[in-house]
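# Analysis of the macromolecular model
This is what each chain is made of:
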Amino acid sequence: MPPLAMPRNPPEDPIKSHPTRAEQLDILADLVADRAGAGDHVLDLGIGTGYVAGLILDRAPGIDLTGIDLKAESLDAARTALAGRVKSLDLVEGNLENLGDLAVPEGPYRAIYTVLTFHDLPDEAKAAVIRWSAERLAPGGALLILDRIRLHRPALFPLQVALWNRIERVYGSAMRSAPDFDSYLADMGERNRPARFEDYFEWLEDAGLAPGCLHLHGNIALFAGMRAPAGG
Ligand SMILES: C[S@@+](CC[C@H](N)C(=O)[O-])C[C@H]1O[C@@H](n2cnc3c(N)ncnc32)[C@H](O)[C@@H]1O
């Protein structure tokens, strides 16, 4: 098999400034397509304008897709972007912090994924969304979470800075950075509250899923929680 070229962020990606995003989305899209084929149901938590969903539909055009987002205007853009590319599309305006009010099909879903949305939620809501998702996964289904993680050990901060600098040198654009650990912490707020790496393992395991980290670059991690196969 010929070697794969490193994916590059295409201009239409709404978050294209993120230097390692293309590669991480390429991995996530491949993993979803590996789990879900024609007729399987897939759920996107925080679908935004549908960019990530489009990458998945390129690989798995026969799936049924449900997407949730807070913003009606993003859902309208997703509807336009995904029109004609998906067997069935269900876009739901809703808040992941109010799971009881979400009007989404019960599933089961072969894959549930979320990209750069969890850092918008408080930690209790992240854990609740993981539990809620686990209850809706089909046997053998996967929950995939791609998001920033929070550095919480000050001693590691200089290494993190070195990593950010390397990413800037190699990719030509920078990830979120900070001059010192206190400034890094001070930048955490309402719309920027990534969880700690360790928390994801605990939350996934508590929800009955087998947890793993499949990719980590800089401060962006791709976590997986696998539901056991039927009879497994
Ligand atoms: C940074 S964007 C990422 C969009 C898309 N996943 C992507 O990677 O291109 C985060 C998305 O999550 C949505 N979002 C944030 N908090 C949410 C919540 N509590 N419930 C539902 N959607 C939420 C936002 O409206 C936004 O569309």
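Up top is the structure.
## Section: the packing of helix H4 (residues 123-136) against helix H7 (residues 197-206)
- In the contact formed by H4 and H7, the axes pass within 9 Å of each other and the chain directions differ by 40 degrees. Here H4 lies oblique to H7, going by the angle between them. Both H4 and H7 take part in a crossing whose hand is right-handed. Judged by residue contacts, Asp123, Lys126, Ala127 and Ile130 of H4 engage Asp199, Trp203 and Leu204 from H7.
- For the contact of H4 with H7, the per-class residue count stands at four nonpolar, no polar and three charged.

## Overview of the pairing of strand S4 (residues 109-115)
- With seven of seven residues buried, S4 lies mostly within the body of the structure.
- Across three bridges, the pairing between strand S1 (residues 41-45) and S4 is parallel. Counted as the bridge partner of Leu43 is Ile112 from S4.
- The sheet contact formed by S4 and strand S5 (residues 137-150) spans six bridges and is parallel. Each residue of the ladder has a partner; that of Ala111, found in S5, is Ala142.
- Between the parallel elements S4 and S5, the chain passes through H4 in a crossover that is right-handed.

## Observations regarding the site of the ligand
- As a structural note, the neighbourhood of the ligand is formed by 19 residues, with Gly46, Gly48, Leu96, Val115 and Asp120 the closest of them.
- Residue composition of the shell around the ligand, grouped by class: ten nonpolar, five polar and four charged.

## Overview of helix H1 (residues 21-35)
- Look at H1: 21 Å from first C-alpha to last across 15 residues, which is about the 21 Å you get at 1.5 Å a residue.
- By the burial criterion, the buried members of H1 are Arg21, Gln24, Leu25, Leu28, Ala29, Leu31, Val32 and Arg35. Projection of H1 onto a plane perpendicular to its axis shows the buried side chains occupying an angular sector of 160 degrees, all on one side.
- Packing partners of the buried residues in H1 comprise S1, helix H2 (51-59), S4, S5, strand S7 (210-217) and strand S8 (220-226).

## Observations regarding the pairing of S5
- Relative to S8, S5 runs antiparallel, the two being bridged by seven bridges. Bridge pairing in S8 places Ile145 opposite Phe223.
- When S5 meets strand S6 (residues 195-196), the two strands line up parallel, connected through two bridges. Looking at S6, one finds that Ile149 is bridged to Ala195.

## Notes on the nonpolar core
- Ranked by size, the top nonpolar core spans 53 residues in total, and within it Leu28, Val32, Val42, Ile56, Ala111, Leu143 and Leu144 carry the most contacts.
- Dropping the residues within four chain positions of it, Leu143 is found in contact with Ile112, Ile130, Ser133, Ala134, Leu137, Leu209, Ala224 and Gly225.

## Brief notes about unusual backbone geometry
- Look at the link from Gly107 to Pro108: it is a cis peptide, with omega at 5 degrees.
- Topologically, Pro108 is positioned in the loop between strand S3 (88-93) and S4.
- Phi angles above zero are rare outside glycine, and Leu116 is one such case at about 50 degrees.

## Remarks on the packing of H2 against helix H3 (residues 72-82)
- Closest axis-to-axis distance for the H2/H3 pair is 10 Å, and the angle between their directions is 25 degrees. As judged from the angle between their axes, H2 and H3 are roughly parallel. Our pair here, H2 against H3, has a crossing hand that is right-handed. Counted together, Ala53, Gly54 and Leu57 of H2 and Ala78, Ala81 and Leu82 of H3 form the full contact between these two elements.

Reading the values: the criteria
- Residues numbered from 1 in each chain as written.
- Predicted model: local features only at pLDDT ≥ 70, side-chain atom pairs only at ≥ 80, totals over all residues.
- Axes fitted to C-alpha atoms, helices over the stretch in contact; angles between N-to-C directions.
- Helix = DSSP H or I, 4+ residues; strand = E, 2+ residues; numbered from the N terminus.
- Parallel < 35°, antiparallel > 145°, perpendicular 65-115°, else oblique.
- Left-handed = near helix turned anticlockwise from the far one by under 90°.
- Contact = placed C-beta atoms within 7 Å.
- Nonpolar A, V, L, I, M, F, W, Y, C, P; charged D, E, K, R; others polar.
- Buried ≥ 20, exposed ≤ 12 C-beta atoms within 10 Å, placed from the backbone.
- Pairing = 2+ DSSP bridges.
- Right-handed = clockwise from strand over helix to strand, strands pointing away.
- Near = placed C-beta within 6 Å.
- Expected span 1.5 Å × (residues − 1).
- Arc of directions from axis to C-beta.
- Core = buried A, V, L, I, M, F, W, Y, C linked by C-beta atoms within 7 Å.

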